[in-house]
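# Survey of secondary and tertiary structure
Here are the chains, one letter per residue:
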Amino acid sequence: MFTSSVQAQQTPQAPIQGQTIDGIAAIVDEDVILRSELERAIANILAQYGGREGQLPPREVLERQVLERLVLVKLQVARAEGTGVRANNQEVDAAIANIAGQNGISIDQLSQQLARDGTSYEEFRQSVREELMIQKLRQRYAQSRVSVSDAEIEAAMEAQQSGGAQYHLAHILVALPDGATPEQIETAQRKIEGIKALLDRGEMDFAAAAVRYSDSPNALEGGDLGWRSLDEIPNAFMQMVRDMSPGAVSQPLRGPSGFQLLQMVETRDASAVPDQMVTQYKARHILIRVDENNSDAEAKAEIDTLAARLAGGADFDTLAREQSQDLNSKARGGDLGWFSADAFGLEFGGQVTRLADGQVSAPFRTSTGWHIVERTGSRQTNVTDQNRRNQVAETIGRRKLEDEWNRFLRELRGEAFVDLRVGPQTADAASGG
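An unreviewed UniProt entry lists the protein chain under the name Chaperone SurA, with Marilutibacter maris given as the organism. As stated in UniProt under Function (unreviewed entry), the record for the protein chain gives "Chaperone involved in the correct folding and assembly of outer membrane proteins. Recognizes specific patterns of aromatic residues and the orientation of their side chains, which are found more frequently in integral outer membrane proteins. May act in both early periplasmic and late outer membrane-associated steps of protein maturation."

As structure tokens, then:
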């Protein structure tokens, strides 16, 4: 069926009046990337580089880079789906609301902006859904491959206290395959040395060189690695990074993925972190689940009955112990302890924050089922130390994950059937695992 579908899309047919035929830019296993998808992605890059188009590579090189990125997205989404990773509508809605909020606009205004840019809201929703799935796939991969010990966290926090420097870095990667031959290594080394010579002569700035020459997934962002503390930098590079001044570019470095150039963009002192106060809430709830054994209507009728009993003077603790279907809190009379507003999802958190202490909500629906919640307390809590500890654990884990994840992506790409249909590489682009 897939072959017939692809052949049908490739067969020239007379277009319906006023309609254009969308071509295929690439076949990726059992999926395709349409030419229109590629053109939209290229248009997004061009918009990001408005006024700085000179930093971009020639059109055919940019096209290849963007197409390779779309291929990797397709492969990661397919792997996510194949391993049961999903992003539900509520997660997508929350992510879109967050994007709109960060840009200071409403969701309706975001939809209008997308339409002006030639992107439908449904296409945008699908891209957000795919990004969430890739994030979940990466998290699952990290959980199975990466661990951070308490000793590593303690050592990193000690180092931060003695010196809170953070480094904004960028890099250019000339990648090498696993088991590279001496000839491949020599070719890659000559290429990285040539790039360094261009930078030294001032013929190109670092970001432009990254866009044009880097094999890293972040090439189109100018190789930007963001802010990193020393615990996120491989031990072999620590002293070199410490000694670099803003704007400096390292000599070529050999790493697990190939040859690199590092640029020190800027530095900052992150040791003086102000106290971070958050509001925490204490609450208890009664849950009636919606599942294959209990329809939404049945669950709603049941929760309404419980709400009426509470309004008639029934004891919340007793009712939760007898009727709640949340096995984690049922034995405690529905008590959830202290938590932040986003701990149990946006819908639940929104209900709790709108209540006053001692107030009981009306029945409300979440992805789990129907709830009644009573807010029993609220407080301001200093989470500076815990946040710092969480951030340190996250950064160490991210450092460990980077090389593993990039290796995973190379394997994913190498094992896939990919037939690129645009650009000078089309003659020999098909590859299969």
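Looking now at the nonpolar core. Core analysis: the largest hydrophobic core is formed by 46 residues, its most contacted members being Ile33, Leu38, Val66 and Leu67. If you list the elements that add at least two residues to this core, you get β1 (24-28), α2 (35-48), α3 (59-82), α4 (89-102), α5 (107-116), α6 (121-145), α14 (384-415) and β11 (418-420). Discounting chain neighbours no more than four positions away, the residues touching valine 66 are Leu38, Ala41, Ile42, Ile45 and Leu220. The next biggest cluster of nonpolar side chains, apart from the first, holds 15 residues, and it includes Ile195, Ala208, Phe259 and Leu261.

Let's shift gears to α2. In this model, α2 (14 residues) spans 20 Å end to end at C-alpha, consistent with the 20 Å of a helix rising 1.5 Å per residue. Turning to α2, its buried residues number three or more, namely Leu38, Ala41, Ile42 and Ile45. Along the axis of α2, the buried residues cluster in a sector spanning 100°; they form a single face. Buried residues belonging to α2 abut β1, β2 (31-34) and α3.

This paragraph deals with the sheet that holds strand β8 (residues 335-340). Strand order across the open sheet formed by four strands is β8-β7-β10-β9, with antiparallel pairing between neighbours. Sheet topology places β8 and β9 (364-365) at the edges, where each strand pairs with a single neighbour. With four bridges connecting them, strand β7 (residues 277-289) and β8 associate as antiparallel partners. Bridge assignment links lysine 282 to a residue of β8, and that residue is tryptophan 338. Most of the contacts of helix α13 (residues 346-354) go to strand β10 (residues 369-382), to which it runs at about 65°, and overall it touches β7, β8, β9 and β10.

So, on to the packing of helix α8 (residues 182-200) against helix α9 (residues 206-213). Contact geometry for α8 and α9: axes closest at 10 Å, N-to-C directions at 150°. If you check the angle between α8 and α9, you find them roughly antiparallel. Where α8 crosses over α9, the handedness of that crossing is right-handed. From α8, Lys191, Ile195, Leu198 and Leu199 reach across to α9, where they touch Phe206, Ala209 and Tyr213. Of the residues in the contact of α8 with α9, the class split is six nonpolar, no polar and one charged.

Reading across the sheet, the three strands line up as β2-β1-β11 and stay open at both edges, with antiparallel pairing between neighbours. Whereas interior strands pair on both sides, the edge strands pair on one side only; in this sheet they are β2 and β11. Neighbour-to-neighbour, the strand axes of this sheet turn through a mean angle of 15°, independent of strand direction. Each of β1 and β2 is contacted by α2, which is oriented at about 55° to β2, the strand it contacts most. Along the sheet face, α3 touches β1, β2 and β11 and points at about 145° away from the line of β2.

Our focus in this paragraph is unusual backbone geometry. Its identity is not glycine, yet aspartate 29 carries a phi of approximately 50°, on the positive side. Summarising the element assignment, aspartate 29 is placed in the loop between β1 and β2.

Conventions adopted
Residues numbered from 1 in each chain as written. Predicted model: local features only at pLDDT ≥ 70, side-chain atom pairs only at ≥ 80, totals over all residues. Heavy atoms only, no water. UniProt positions renumbered as here; feature names shortened; annotations may be inferred. Core = buried A, V, L, I, M, F, W, Y, C linked by side-chain atoms within 4.5 Å. Buried < 20%, exposed > 50% of the residue type's maximum accessible area, 1.4 Å probe, protein only. Helix = DSSP H or I, 4+ residues; strand = E, 2+ residues; numbered from the N terminus. Contact = heavy atoms within 4.5 Å. Expected span 1.5 Å × (residues − 1). Arc of directions from axis to C-beta. Pairing = 2+ DSSP bridges. Axes fitted to C-alpha atoms, helices over the stretch in contact; angles between N-to-C directions. Parallel < 35°, antiparallel > 145°, perpendicular 65-115°, else oblique. Left-handed = near helix turned anticlockwise from the far one by under 90°. Nonpolar A, V, L, I, M, F, W, Y, C, P; charged D, E, K, R; others polar.

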